[in-house]
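# Observations on chain architecture
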Amino acid sequence: MAKKMEMVLVASKVKGLIKAGKCNVAGDALEGLNGVVHWYVQQACKRAAANGRKTVRSHDFCTG
């Protein structure tokens, strides 16, 4: 079993966005999105380090 990641999202805000899109929220939706956010943060940290920086900037989250 994989280690559970710390929740970094505000659940009520994410649920509000999903409901505003006229969709329902599954029980595992927030956990899945939380995993994506953790991955993006890790990638941004790697990109900053690869560019000789310790500071993550907005463009470190861009893929293109």
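The structure reproduced in this document is the subject of the present report. Just so it is clear, the structure is predicted and the values come from calculations on it, not from any experiment.

### As for the overall build of the protein
The helix and strand inventory of the protein stands at two helices and zero strands. Computed over C-alpha atoms, the radius of gyration of the protein comes to 15 Å, more than 25% over the 11 Å expected from 2.2 N^0.38 for 64 residues, which places it beyond the range of a compact globule. Expressed as a percentage of the 64 residues in the protein, the buried residues total 14%. Taking as baseline every contact in the protein between residues at least 6 positions apart, the subset at least 24 positions apart corresponds to 36%. When the accessible surface of the protein is totalled, it reaches about 5400 Å², and 58% of it is carbon and sulfur. Averaging the coordinates of the 11 positive side-chain charges in the protein and doing the same for the 4 negative ones gives two points 6 Å apart.

### Description of helix H1 (residues 11–20)
With one of 10 residues buried, H1 lies mostly on the surface of the structure. Directly after H1, the chain includes Lys22, whose backbone phi takes a positive value near 60°.

### Things to note about the state of the cysteines
Following the criterion strictly, the structure yields zero disulfides and no others. No disulfide involves Cys62; its sulfur sits 15 Å from the nearest other cysteine sulfur, which is in Cys45.

### Digging into helix H2 (residues 29–50)
Compared with an ideal rise of 1.5 Å per residue, which puts 22 residues at 32 Å, H2 spans 32 Å between its outermost C-alpha atoms and is within 8% of the ideal. Where H2 is buried, its residues touch H1. One or two residues past the end of H2 sits Gly52, with phi positive at roughly 75°.

### Re the pattern of salt bridges
Going through the model one piece at a time under the given rule, you end up with one salt bridge. Of the charged contacts, one joins Asp60 and Arg53 as a salt bridge, the two residues approaching to 2.8 Å between their closest N and O atoms. For Asp60, a relative accessible area of 4% corresponds to the buried category.

### Observations concerning the side chain of Asp60
Residue placement: Asp60 occurs in the segment after H2. A distance of 2.8 Å separates a polar atom in the side chain of Asp60 from a polar atom in the side chain of Arg53. Of note is the side chain of Asp60, whose polar atom sits 2.7 Å from the backbone nitrogen of Arg57. Not counting residues up to four positions away in its chain, the partners in contact with Asp60 are Ala44, Arg47, Ala48, Arg53 and Thr55.

Reading the values: rules and limits
- Residues numbered from 1 in each chain as written.
- Predicted model: local features only at pLDDT ≥ 70, side-chain atom pairs only at ≥ 80, totals over all residues.
- Heavy atoms only, no water.
- Helix = DSSP H or I, 4+ residues; strand = E, 2+ residues; numbered from the N terminus.
- Rg over C-alpha atoms; globule rule 2.2 N^0.38 Å.
- Buried < 20%, exposed > 50% of the residue type's maximum accessible area, 1.4 Å probe, protein only.
- Contact = heavy atoms within 4.5 Å.
- Areas by Shrake-Rupley, 256 points an atom, 1.4 Å probe, with all protein chains shown as cover.
- Lys, Arg positive; Asp, Glu negative; His and termini not counted.
- Charge placed at Lys NZ, Arg CZ, Asp CG, Glu CD.
- Disulfide = S-S within 2.5 Å.
- Expected span 1.5 Å × (residues − 1).
- Salt bridge = Lys/Arg side-chain N within 4 Å of Asp/Glu carboxyl O.
- Polar contact = N/O pair within 3.5 Å; in protein donor to acceptor, adjacent residues only side chain to side chain.

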